Structure formats: C-alpha cells, structure tokens
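Structural characterization, general
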There are 2 protein chains.
Amino acid sequence: MIEIRRLNALDNDFWIQLNTLLAWDSVADEQVMLSVRDIIRTVRQQGDGALVDYTKRFDRREVSDIQELIIPTERLQQALSSLDKNQRRALEQAAERIRDYHLRQKQESWQYTEADGTVLGQQVTALDRAGLYVPGGKAAYPSSVLMNAIPAKVAGVAEIIMVVPAPDGLLNNMVLAAAMLAGVDKVFSIGGAQAVAALAYGTATVPKVDKIVGPGNIYVATAKSMVFGAVGIDMIAGPSEILIICDGETDPDWIAMDLFSQAEHDEQAQSILVSPDAAFLDAVQQSMTQLLSQMPRAEIIKTSIAQRGALIHVESLEQAIEVSNFIAPEHLELSVNEPKTWLGKIRHAGAIFMGRYTAEALGDYCAGANHVLPTSRTARFSSPLGVYDFQKRSSIIYCSEDGANRLGKIASTLAHAEGLTAHARSAEYRIVQNLLES
Amino acid sequence: MIEIRRLNALDNDFWIQLNTLLAWDSVADEQVMLSVRDIIRTVRQQGDGALVDYTKRFDRREVSDIQELIIPTERLQQALSSLDKNQRRALEQAAERIRDYHLRQKQESWQYTEADGTVLGQQVTALDRAGLYVPGGKAAYPSSVLMNAIPAKVAGVAEIIMVVPAPDGLLNNMVLAAAMLAGVDKVFSIGGAQAVAALAYGTATVPKVDKIVGPGNIYVATAKSMVFGAVGIDMIAGPSEILIICDGETDPDWIAMDLFSQAEHDEQAQSILVSPDAAFLDAVQQSMTQLLSQMPRAEIIKTSIAQRGALIHVESLEQAIEVSNFIAPEHLELSVNEPKTWLGKIRHAGAIFMGRYTAEALGDYCAGANHVLPTSRTARFSSPLGVYDFQKRSSIIYCSEDGANRLGKIASTLAHAEGLTAHARSAEYRIVQNLLES
C-alpha cells in the first residue's frame, strides 16, 4: 500500500497534528540571498553586459551580444505555426476562455457628486508595463504564459515584456506560441535573478517594468522579493496544494488521480483528502496504490504523498468545511452532491472546484479562472492573480468652494488636535469667511 | 529667502536631475534587522511573557501581567466622552464621510453560466481578523485610526485588533476615541516589533490576525516585512510627498502652505511645485519665506524643503503632467482652471486633489477618500488603502458533465504537452465517452 498519513478529527490533538502537517517554511538560504544581491547589483551597474555574462555562465550559452538574447516576433509566430493542429486548437481555446473569464474582473472608474458640488471618486488605470517571468527548461509551462499575460492584456497594460531562459540554448516552442497568442510584446531569452534585475531596473535593451509576475526557482523568488518596492511583484508562491472534500460517492480512482495531479508537481506539493466515510479513504488509498505504477512521475508522487499527503477522517461534511477553512487551501475540490449548498460556508480558498466532474486539472488549463493562486494558507488574506493585479486606483477629490468651507472646518479641528499647524492653515485658507466656528 | 532647489524642464539634463531629486532608498540597517528578528523569535516562543518584558523595557512601564496591557472598551468610551464638543463632532463627521466613500469600494461576488450548464465566478469574502498598528507618543494620529479601521469594517472584517504603545504609560485620548468610533474590537497597549509579532503569530492573549495594516517606525516596518507571508501586510510606506501643478493663478500663500503641510511631517518628506509661470515660482518662494516663522515645526519644514523640495519650471501644463506621470506622486494637487480636463491624462497618482479649493489637508482628514497612499513612485503599480485590501476572492468553477467533457479534452492535450500525466488522466476520467479526439 502507498504510504500516506491518516488523521482523525475526533482525536484530541487533531488540530495540533493538522497544524504540523501544514507547516512549511521557505528557508531563505543565506548563500542564495548573498548571491542574488550580488547579481542584482551587477546588473544595475553593468546593464546589458552583465546579462550577457550571466547568460553564458548560468545557461551555458555562447553569446557575445545582447541582441542575440532578443527573441523576435517572427520566432514566436513561427513557433505558433509549427504546433500540431490539436495542440494549437487547445491553446487557442484555453486562451479564449481565460480572456472571457478575466474580462469580468475589469474594474471601472467611478465618481459621485455631493449636494454642494464636491466630487469624490476613484480613477482606475492600467500599469504601463508588466514583466512576465517564465521558467525555462523542463518546467516550461505554456499554460502559465496564458494565465499571467492575458489578465495584463485585459487590464490594458500597454507593454508586456517576457523573459524566459534558454538553458543550453533550448526554448520550448509551446511557450513561445503561447506568448504569441497572449499578445506578449517583447521576449528576451534571459532568466534567473539577472532577468528579474533587468526588468526591475531596466538596461539599455531591456525596458524597466512596473510589476513583475510569474513563477520561478528560489533565485527568481529571492530576486523578486529584493526588487519589491522598486517594482510591484505578485505573490511568492509556496508548493502547490489540493484539499479534496468527498462524501464518498465519487469514483475512488478519480479522487486518487486528482491527488496525484498535485503530487506530481514536486516532492513538496501537498495532497489532502477529507471524508466522513472511512471506507472511502481506504478505497482511495487502494486506488492510489494501484495507479501509482502507471505514472511517469511515480517517484515524485510517492515522496510527496508520503511526506506531505494525508487522508483525514471527519464526522461530517460540516466538519470537513471547518477543516478546509482552517487550511485555506490553494485548490479546494467539493466532490459532493449539491456542492452549491456548501459554497457560502467556504471562508478561504484560492479556487473552489464544485461537483464530481470538476477536476482541478480543468482549472489549471482552460476553465477560464486563473491558475495562479494563493498557497500556504495565504488564501486567508489574498486572491487569485487577476486583472485587478494589473490595474491601480487613484482617489479623486474635487471640492467646491462650499465643500472646502465645510470640510476645511473639520480638517482644521483635527489637524490642530494632531499638532499639524501647516495642515490646519492650508485648510483654513480655503474657508471663505476665514472664520472657524469654535 | 528659504532655500529650495530650482529645476527647469528645458535643461538638457532635466530628467537626470529629476531622477536624482526623487531618489530615496530605505536603508535596511543590519542591526535593526537582527534585533527585530530576535524580538519576533522571542514573542513566538514566549508569548505573553515576552510582550510584558519588552513593554517594560522599550516603553518604560511598570507592568507585571499581560492583563494590564488590555485596554477595555470602557476606556475607549470614556476617551470618546471626554473629548470637547468640537473635536468629537469633527471626528464623527470625518468617520461618517470616510465610511460613505469606502462603501462604494465594496466588491461583490459574481457568477455566470455557460450554455452547457458550466458555472464560473468569483466569491468575495472579508478577512476574518485584521490587526491595526497605531504609533504611540507624539506621532499619534486619530485620523490614521479612522483611515485604517473603517475600510476593514466596511469590508465586513469580523474582528479588528488594534495595538498602540503607551510609552511612559501615556495614551492619546483622541486615538482611543477614534478606535471607539471606528468600531475597533480589541485594543492592546503594546507596540514595536513585539506587537507586530504578537498579531502575526498570536499569543495566549493577543489573537492571531490575517493581515496587519498601519504605519510605524523602522522597527515596525521591518517586523511587518519579516512576518509577511504568515500574514498579509499593507504597503511599507516611504516619506510622504506632494506634487503641486499650478497655472500661476492660485494665491501663492495657499500653495506655500500646501507645500509646508507635507514638509512638516518630517525632514524626509518631499514637496514639489511645478508651474509654467516662473514669476509664480518666485512668488511662492517669497510666501514660504514669510510664512515659515509662523510655523511651530519651522525647523523640520526648513530642512525638508531645502533637502528634498523643488520648484520646477516647465513650458506648459502638458509638460507638467508629463513630469507628474514620471514622478507618480502620492498626493497630486491640480491647482488649475478646469482641472477635470487634465484628469484623463494622469497616469499614476495616489490621490488627485482637483482645483484651487481642494487642499491636500482636506484629504488627510475628512474628504472621505483614504489617506494611506502609495509613496516613492509606487503609485505606478499600487493603490490607496481600501475596502479591497480587506476582501479576498475565491475562483468558482462548476463543470456540468457536458462541460467536463468539452474542457477535459483541452486540458488533456495541454497537460500531455507539459508532461503532466496525472493532470491529463484526472481530466480524462471525466470525459464521458472516455475517447479523445486526436
């Protein structure tokens, strides 16, 4: 039998056990920090030259000039044209569905006018330029290009700059094709902390962006956290996780495979099944055991399931929801009858997959919602990547003379109370009769 | 004459000069980092006892038990009752206006159903618990309590925990009154990195929150950046700034005082005036020189204006807007005729104060929009604090059998292309005829 932890919500120390199961600390390695800091400093000082040097060294490429690291639009178009018909159609359908969903997230400006003519509101604008990091090599995911670039386009970002390393000169055709479909404006075959530094501070060739999004390894994540402030960044993601709540009526093979689909990402990924049906937990473990050998990534799956997976027996679906709200899972499958009746009770989750037919994998590619989701319990306070991440708001305040009169008195009183005399005087100048009621 | 830098947009090196003027680096002092790391670790390990110890040491207080650090609701009510009539009315009016404005920011859940019955949407929920840091001592600002707590309440946050240090036992009555008005649920008289750690990880007495907001000194800011991930945080603010664009027709005394109202915050604050009218720049400098002596914070103002202030001469209002978009100011005053005609050209700003009567100070207290705004050019990618900072979204995906069939084929194709077999199989199980078109 495949090795997987069992928890029982009736145990006295269940919540402590659960907390231990979830614990995950991103260890900020001192050596990684120092080397990333050094790379960022060098790119800021030496610009394009540093990008060429690092790319030769880290990506094992023969490069003599930054121009060789520009991937022209023709190359993207060529990648798209070279796809087999099925792959191209799947990519196009996914892109269209993602666009449809994200169009509904777009936020609009608003204003209102008060009785005395004072206007208040919020002006919503898009970022000028976004940077998109795409990992190279094996973990090259075209779906990730779509999920990051399309919301930016929908927001109205004028220019999307994509960076994708080409280790040993290798580039993934589907990644380039996805960039073409998503409308990415410029692509550079650079990666690592050096690419993040180039996007954050700009070089003669790589334009400086306003925000950097997209997944990456520990060097990329560390670089993103270090340039935050100079530019915006998306979340720093932890390992991927799924929580499945099942009433025991779904085919155990389906649930086993859903658990595997998280586990195959990497050894740190976390797959948890919660059910009030103990026999069903047994059946799923049995299914996993049988299905494992069919998986090309069996070793990764086995390690992930053994180290971080769990089967949790609860008393009821109500208790299952309670467990879910504690975990605030990145992916939550409600594999139950009438999933809609439970929706209002879900307090925290990145994405909620409702019903037996809604495999989480559908959301990863083409349901339309974003697959960049808050991990490691951060769904308690954060949201899926969305159009709103590429828009920002400016408050609008217009005071009529009457409004300035009225508000000036309030502001003056509070400013004096805070000991800020210039604030008070600045407000008082606009009080027409220049007299404070007191 | 008061000392202030002059720039001219016609100079060849104007944009370089401007860049230098704006440069501001938050130096992350190694000693501060180490000491904050130590405080956080100690609070995590020792809980309430550590809070008592640090409060005795850093706030110079006689405390023997954590219970003494709880500020009961009766104390808040007493503070509110003790205010003089004018102050209480001003605070109540400000709170009401802030609430009115922020009610318009509340985001609602949405769903849509596709032809085959597949449902997609987004569920918006409030954070369970928010932590509000309020500085103690001299820089105790009741307005800041309103601006941070009211959006959380409007969002529907169930519990707001406020921390405010009481150095030498001193608490600001207006701060406590503001907490009462804003509906803060629990208040502790603790501060510094220890208060941030308590909110982030919880102690026996201080509840663990989901997000920490509010301004603080370098220890507080460093602690917030260190606990980020375990909890959400708002932005780490730089010094306050104002950019005023004036056509030269506003009373120079008014503009001078508006510049002072930023400068009086601290020596690092930045006040910049841009005008196509060189004589007006002279007149404002003259006004500043005359008004300075009337300011209780004259020394701070003088230093701030000399070190970080500027008068910028431009050719036209169009060019002034170009300068503003480069700066992406926290506060932007459009002290011009017909300010609405310029609004659409503003790409980046925290808050836009339109017209001669709209002093920035009105926005600080009572216009209704939030006074917590992106500083240091981060308005390029971030927004004022708002209700949306206390809400988060969960994607909703419900596939009908037909939908799972249709989407399963796309997902399967893309998953195989990415080499993720478990993803593909998980999708394929839900394809009813279990046949892939190929």
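Counting from 1, residues in each chain are numbered in the order their sequence is written. Whichever chain is written first is A, and whichever ligand is written first is 1; the rest continue in order. This being a predicted model, a pLDDT of at least 70 is required before a residue's local features are given, and a value of 80 or more before pairs of side-chain atoms are given or counted; all residues contribute to the totals for chains, interfaces and linings. Side-chain metrics rest on all non-hydrogen atoms present in the structure, leaving aside hydrogens and water.

**Section: the packing of aromatic side chains**
All names here are of chain A. We call Phe, Tyr and Trp rings a pair once their centres come within 6.5 Å, taking the six-membered ring for Trp, and we label the pair stacked below 30 degrees between planes, edge-to-face above 60, and tilted otherwise. All told, the structure shown has 14 aromatic pairs over all chains when counted by the stated rule. Measuring from ring centre to ring centre gives 5.4 Å for tryptophan 15 and phenylalanine 326, while their planes differ by 70°; the resulting arrangement is edge-to-face. Placement of the pair is tryptophan 15 in helix H1 (residues 14-22) and phenylalanine 326 in helix H13 (residues 317-327), with a sequence separation of 311 residues. The classification of residues rests on relative accessible area computed with a 1.4 Å probe and restricted to protein chains. Under 20% of the type maximum is buried, over 50% is exposed, and intermediate values are partly exposed. With a relative accessible area of 32%, tryptophan 15 lands in the partly exposed category. Judged by relative accessible area, which is 26%, phenylalanine 326 ranks as partly exposed. A helix here means a DSSP run of H or I that spans at least four residues, while a strand means a run of E at least two residues long, and both kinds are numbered starting from the N terminus.

**Digging into the interface of chain B and chain A**
The partner chain A presents 116 residues to the 116 residues of chain B that form the contact. Once two parts are brought into contact, the accessible area they lose, counted with a 1.4 Å probe and summed over both, makes up the buried area. The junction of chain B with chain A conceals about 10500 Å² of combined surface from both sides, 57% of it contributed by carbon and sulfur atoms. Salt bridges are counted wherever a side-chain nitrogen of Lys or Arg sits within 4 Å of a carboxyl oxygen of Asp or Glu. For the pair chain B and chain A, the number of links is eight salt bridges. Arginine 347 of chain A is the salt-bridge partner of aspartate 128 of chain B, the closest N and O atoms lying 2.5 Å from each other. In the analysis that follows, any N or O atom pair within 3.5 Å is treated as a polar contact, provided that within protein one partner can donate a hydrogen and the other can accept it, and provided that, for residues neighboring in sequence, both atoms belong to side chains. Taken together, the connections running from chain B to chain A amount to 68 residue pairs in polar contact (both at pLDDT 80 or more). Sort the elements by how many residues they give to the side of chain B that touches chain A and helix H16 (residues 401-417) of chain B lands first, with eleven residues. Here, two residues are considered to be in contact whenever any of their heavy atoms come within 4.5 Å of each other.

**Details of the UniProt feature "binding site: NAD(+)" (unreviewed entry) in chain A**
Residue and element names in this part refer to chain A. UniProt positions are given in the numbering used here, feature names are shortened, and annotations may be inferred rather than shown by experiment. With numbering matched to this structure, UniProt assigns "binding site: NAD(+)" (unreviewed entry) to Tyr133, Gln194 and Asn217. A maximum C-alpha distance of 12.7 Å is found for the annotated residues, which run over 85 residues; spatially they form one tight group. With respect to the helices, strands and loops of the structure, tyrosine 133 is situated in strand S5 (residues 129-133). You can call tyrosine 133 buried: its relative accessible area is 4%. Setting aside residues no more than four positions away along its own chain, tyrosine 133 makes contact with Val163, Pro165, Gly191, Gly192, Ala195, Val196, Val213, Gly214, Pro215, Gly216 and Val220. A distance of 2.7 Å separates a polar atom in the side chain of tyrosine 133 from the backbone nitrogen of glycine 192. Tracing the backbone shows glutamine 194 in helix H8 (residues 192-201).

**What to know about the UniProt feature "binding site: Zn(2+)" (unreviewed entry) in chain A**
The UniProt record marks Gln262, His265, Asp364 and His423 of chain A with the feature "binding site: Zn(2+)" (unreviewed entry), using the residue numbering of this structure. Spanning 162 residues, the named residues are also spread out in space, since their farthest C-alpha pair is 55.5 Å apart. Apart from residues no more than four positions distant in its own chain, glutamine 262 of chain A is found in contact with Ser240, Glu241, Ile242, Ala269, Gln270, Ser271, His331 and Glu360 of chain A. With respect to the helices and strands, the residue aspartate 364 of chain A is situated in helix H15 (residues 360-365). Among all residues touching aspartate 364 of chain A, those that are not within four sequence positions of it are Ser143, Met147, His331 and His371 of chain A together with His423 of chain B.

**Description of the sheet that holds strand S14 (residues 351-354) of chain B**
Strand order across the open sheet formed by nine strands is S3(A)-S4(A)-S15(A)-S14(B)-S13(B)-S10(B)-S11(B)-S12(B)-S1(B), with mixed pairing between neighbours. Among the strands making up the open sheet, the edge pair consists of strand S3 (110-113) of chain A together with strand S1 (5-8) of chain B. Recorded for the sheet is a direction-independent mean angle of 20° between the axes of neighbouring strands. Pairing geometry for strand S10 (residues 241-246) of chain B and strand S11 (residues 270-275) of chain B, over five bridges, is parallel. What sits directly across from isoleucine 244 of chain B, in S11 of chain B, is leucine 273 of chain B. The axes are straight lines fitted to the C-alpha atoms, using for helices just the contacting stretch, and the angles between their N-to-C directions are given from 0 to 180°. Relative to the sheet, helix H10 (residues 252-263) of chain B contacts S10, S11 and strand S13 (331-335) of chain B, its axis offset from that of S10 of chain B by approximately 165°. Each of S10, S11, strand S12 (310-313) and S13 of chain B is contacted by helix H13 (residues 317-327) of chain B, which is oriented at about 170° to S10 of chain B, the strand it contacts most. A pair of strands is treated as paired once DSSP finds two or more bridges between them.

**Examining the sheet that holds strand S1 (residues 5-8) of chain A**
Strand order in the open sheet formed by nine strands is S1(A)-S12(A)-S11(A)-S10(A)-S13(A)-S14(A)-S15(B)-S4(B)-S3(B), and the pairing between neighbours is mixed. Of all the strands in the sheet, just S1 of chain A together with strand S3 (110-113) of chain B have a single pairing partner and so form its edges. Here the strands of the sheet are splayed against their neighbours by 20° on average, with no regard to which way each runs. Of the strands in this sheet, S1, strand S11 (270-275) and strand S12 (310-313) of chain A touch H1 of chain A, which is tilted by about 145° from S1 of chain A. Running over the sheet, helix H5 (residues 85-103) of chain A touches S3, strand S4 (119-126) and strand S15 (391-398) of chain B and is turned about 40° from S4 of chain B.

**Remarks on the relation of the copies chain B and chain A**
Least-squares superposition aligns the copies on the C-alpha atoms of those residues with pLDDT at or above 70 in both. Here chain B sits on chain A after a turn of 180° about the axis and a move of 0.0 Å along it, with an RMSD of 0.0 Å. The superposition of one copy onto the other is thereby described by a two-fold rotation axis. Here 100% of the interface residues in chain B have copies in chain A that are interface residues too; the copies meet face to matching face.

**Section: the side chain of serine 395 of chain B**
With respect to the helices, strands and loops of the structure, serine 395 of chain B is situated in strand S15. What makes serine 395 of chain B buried here is its relative accessible area of 2%. Setting aside its immediate chain neighbours within four residues, serine 395 of chain B contacts Tyr101, Gly350, Ala351, Ile352, Ala369, Leu373 and Pro384 of chain A together with Gly121 of chain B.

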